[in-house]
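Summary of the model geometry
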Amino acid sequence: RRGAAERDRERDEEGLAAERGPGAAYHMFVLMEDLLDKLKLLNYEEEALRRHNMRPLSSRHYFALPTNPGEQFFMFCTLAAWMITKAGHPFEQPQEYDDPNAVISNVLSELRSF
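Residues numbered from 1 in each chain as written. Predicted model: local features only at pLDDT ≥ 70, side-chain atom pairs only at ≥ 80, totals over all residues. Heavy atoms only, no water.

As annotated in an unreviewed UniProt entry, the protein chain carries the name Intraflagellar transport protein 57 homolog and is attributed to Tricholaema leucomelas. Here the protein chain is described in UniProt, under the heading Sequence similarities (unreviewed entry), as follows: "Belongs to the IFT57 family." The record in UniProt for the protein chain states the following under Subcellular location (unreviewed entry): "Cell projection, Cilium". (UniProt positions renumbered as here; feature names shortened; annotations may be inferred.)

In structure tokens, the structure reads:
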């Protein structure tokens, strides 16, 4: 049996989706396409991925849907580390089996220092 708080939360989420309109469900796909275009302008395939023997993002909607969360998280961390370094802040490249909480904490800490 669901609690009242859970029902209220679901009702609020449904209300927010209705307020944003019918296209709101597709907004994350548009954002992902914009992100990929920006990464390509920064030459991410050559500068970030080939250096680490990684393949380019497999689709224009790579981060929009959780298909392989571990792989997607590592790709996100790799790209975040590369962009932080590209912005002139030295940042150690996370390894695939590093603690996810520590990695995110380090990324956020570095971004706050900008």
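1. Focus on the packing of helix α4 (residues 69-86) against helix α5 (residues 100-112)
Angle between the axes and distance between the axes are the two parameters that describe a pair of packed helices. Contact pair α4 / α5: the axes reach a minimum separation of 11 Å and the direction vectors enclose 25°. When the interaxial angle is binned, α4 and α5 end up roughly parallel. Considering the relative orientation of α4 and α5, their crossing is left-handed. Facing α4, whose interface residues are Phe73, Phe76, Cys77, Ala80 and Ile84, α5 presents Pro100, Val103, Ile104, Val107, Glu110 and Leu111. The residue inventory of the contact of α4 with α5, partitioned by class, reads 10 nonpolar, no polar and one charged. (Axes fitted to C-alpha atoms, helices over the stretch in contact; angles between N-to-C directions. Helix = DSSP H or I, 4+ residues; strand = E, 2+ residues; numbered from the N terminus. Parallel < 35°, antiparallel > 145°, perpendicular 65-115°, else oblique. Left-handed = near helix turned anticlockwise from the far one by under 90°. Contact = heavy atoms within 4.5 Å. Nonpolar A, V, L, I, M, F, W, Y, C, P; charged D, E, K, R; others polar.)

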